Amino acid sequence: MTAQPVFLKACRGEPVGRPPVWLMRQAGRYMPAYRRVREKYGLLEIIRTPELAAEVTLQPISQFPLDAAIIFSDILPPLQGMGLDLTFEPGKGPVIGNPIRDTRSIDLLGTPPATETMGATLEAIRLVRSELTSRNVPLIGFAGAPFTLASYAIEGGGSRSYTRVKSLMFREPAAWKRLMTKLVTVQTDYLLRQVEAGAQALQVFDSFVGLALGPDDYRHNVLPYTRALLQGIARSGVPVIHYSGGTGAYLEVVNEAGGDVLSVDWRVSLAEVRHRLGADRVLQGNLDPVALFAPWRELRTHIDTVLRDEGGTGRHIFNLGQGILPETPMENVTRLIDYVKGEQ
Ligand code: CP3
């Protein structure tokens with residue numbers, strides 16, 4: 001019998017000899033192999049072609065001794081199935097061509113099943129699972145959290161002040177509820193289907209919520225929906241990671257959403273998170289992704305701080321505090337992983 005992967009044990013809070021390590025957005029432009037595929041295909045084309053998505057998912061696994069793979073997709077394609085036009089524009093990032101600007105467009109949003117709209121990703125999961133099983137590397141499925149998706153759907157792209165999404169939230173509470181409820185429906189189904197297809201853990205990305213909202217607005221307008229999503233996918237039986245960006249000031253509230261693992265960014269120290277949330281909480285994070293651009297001595301100090309601040313509980317999955325950046329030097333990724341695994 002093959003040993004249970006250290007990543008899955010750590011997710012469940014079981015004792016592990018060392019922290020598992022993987023990197024958010026580990027398949028991406030910092031890898032020459034990824035850039036070669038991107039020279040030929042658009043991002044959405046890769047996502048919508050199971051064989052290409054499977055190939056790209058495996059690239060970082062072949063290159064580095066990572067403890068988990070994450071299926072290659074993005075948080076935004078499920079919005080296409082709801083009726084929003086999504087493109088990725090060079091230098092600009094994601095753009096929604098027909099953003100939500102009134103309550104009527106919320107009522108027009110569909111909630112089709114993931115088998116109809118995200119079939120390519122589900123197929124990619126099936127394809128990579130057979131390959132990963134032979135390497136004993138577990139596969140993570142993922143989706144965006146309701147707030148981060150609502151923010152893209154309403155703002156139409158990235159945002160600095162989140163004026164439009166927050167205005168709708170403040171002015172039209174009934175419409176906000178309808179929108180968030182639709183997003184929970186779509187994302188719950190999508191995540192459960194990913195598990196059926198072979199995902200062995202799930203991560204929910206709420207990347208922007210803490211950059212937009214204070215604790216009271218989070219509690220009243222976001223927490224109920226994120227909690228409903230995390231509860232809805234708990235019945236899949238696989239561990240669930242909740243990534244919450246920018247919410248260091250009110251992690252106690254975020255913690256109430258649930259999930260087996262809480263993933264935090266680098267703007268808060270793990271020592272403080274431990275102190276505030278206790279020794280039992282399984283934490284993921286939280287190296288500053290820009291530390292990977294530093295010379296090794298400096299990078300090592302940052303890694304040591306993360307490892308030390310976790311507090312010696314062993315309830316920790318090493319990761320970045322946010323997705324890895326496009327220009328990241330490959331050799332520092334290798335050194336980071338070897339160092340965390342104690343092989344250097
Ligand atoms: O982790 C992985 O390897 C899986 C793939 C993955 C992508 N996006 C592929 C991608 C995952 C998990 C995501 C999640 C995602 N997408 C998040 C949450 C994670 C985080 O960093 O907070 C967010 C906010 C998005 C939305 C998004 N997608 C943005 C803002 C951008 C443009 C910015 C950028 O990095 O270019 C994308 C594009 C994107 N998604 C790329 C990749 C590899 C780069 C696109 C390219 O190849 O041109």
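Since the model is a prediction, treat every value here as computed from it, not as a measurement. (Residues numbered from 1 in each chain as written. Predicted model: local features only at pLDDT ≥ 70, side-chain atom pairs only at ≥ 80, totals over all residues. Heavy atoms only, no water.)

A. The arrangement of helix α2 (residues 32-40) in detail. Among the residues of α2, those classed as buried are Ala33, Tyr34 and Val37. Angularly, the buried residues of α2 cover 100° about the axis, an arc narrow enough to put them on a single face. In α2, the exposed positions that point more than 90 degrees away from the buried face belong to Arg36 and Glu39. Packed against the buried residues of α2 are α3 (43-47) and α4 (50-63). (Buried < 20%, exposed > 50% of the residue type's maximum accessible area, 1.4 Å probe, protein only. Helix = DSSP H or I, 4+ residues; strand = E, 2+ residues; numbered from the N terminus. Arc of directions from axis to C-beta. Contact = heavy atoms within 4.5 Å.)

B. Representation of the site of the ligand within the structure. In the vicinity of the ligand lie 23 residues, with Arg25, Arg29, Tyr34, Arg38 and Ser207 positioned nearest. Separating an oxygen atom of the ligand from a side-chain N or O atom of Arg25 is a distance of 2.7 Å. Within the contact set of the ligand, an oxygen atom lies 2.5 Å away from a side-chain nitrogen or oxygen of Tyr34. For the ligand, whose accessible area on its own is 870 Å², the fraction buried by protein is 88%. Looking at the shell around the ligand, the elements with two or more residues in it are α2 and β3 (93-96). Tallied by class, residues from the shell around the ligand come to 14 nonpolar, five polar and four charged. (Near = heavy atom within 4 Å. Polar contact = N/O pair within 3.5 Å; in protein donor to acceptor, adjacent residues only side chain to side chain. Areas by Shrake-Rupley, 256 points an atom, 1.4 Å probe, with all protein chains shown as cover. Nonpolar A, V, L, I, M, F, W, Y, C, P; charged D, E, K, R; others polar.)

C. Structural detail: the nonpolar core. Ranked by size, the top nonpolar core spans 126 residues in total, and within it Phe7, Leu79, Trp176 and Leu287 carry the most contacts. The element contributing the most residues to this core is helix α11 (residues 173-197), with 12 residues. (Core = buried A, V, L, I, M, F, W, Y, C linked by side-chain atoms within 4.5 Å.)

D. How the structure looks around the packing of aromatic side chains. For the coordinates displayed, the defined rule picks out nine aromatic pairs. Between the aromatic rings of Tyr152 and Phe208, the centroid separation amounts to 5.6 Å while the plane-to-plane angle is 55°, which identifies the pairing as tilted. A residue pair is termed long-range when its members are at least 10 positions apart, and Tyr152 in helix α9 (residues 146-155) and Phe208 in the loop between β5 (201-206) and α12 (209-212) qualify at 56 residues. Of the residues examined, Tyr152 reaches a relative accessible area of 9% and is grouped as buried. Since its relative accessible area comes to 22%, Phe208 is described here as partly exposed. Judged by centre distance (5.4 Å) and plane angle (50°), the rings of Tyr218 and Tyr250 are tilted. Taken together, the positions of Tyr218 in helix α13 (residues 215-221) and Tyr250 in the loop between β6 (240-244) and α15 (251-255) put the pair 32 residues apart, joining distant regions of the chain. Both residues of the pair, Tyr218 and Tyr250, count as buried. Of the aromatic side chains, those joined through ring pairs into one cluster are Phe142, Phe205 and Tyr243. The side chain of Arg267 reaches across the aromatic face of Trp266, ending 4.3 Å from its centre. (Phe/Tyr/Trp six-rings, centres within 6.5 Å; stacked < 30°, edge-to-face > 60°. Lys NZ or Arg CZ within 6 Å of the ring centre and 35° of its normal.)

E. The pattern of salt bridges, seen in detail. In the structure shown here, the tally under the stated rule is 13 salt bridges. Two residues, Lys341 and Asp67, come together in a salt bridge whose shortest N-O distance is 3.9 Å. Of the two residues, Lys341 is situated in the segment after α18 (330-340) and Asp67 in the loop between α4 and β1 (69-70); the sequence distance between them amounts to 274 residues. Assessed through its relative accessible area of 16%, Lys341 is described here as buried. Note on Asp67: relative accessible area 9%, which makes it buried. Glu252 is paired through a salt bridge with Arg276; the nearest N and O atoms lie 2.7 Å apart. You can see Glu252 sitting in helix α15 and its partner Arg276 sitting in helix α16 (residues 270-277), a full 24 residues away along the chain. (Salt bridge = Lys/Arg side-chain N within 4 Å of Asp/Glu carboxyl O.)

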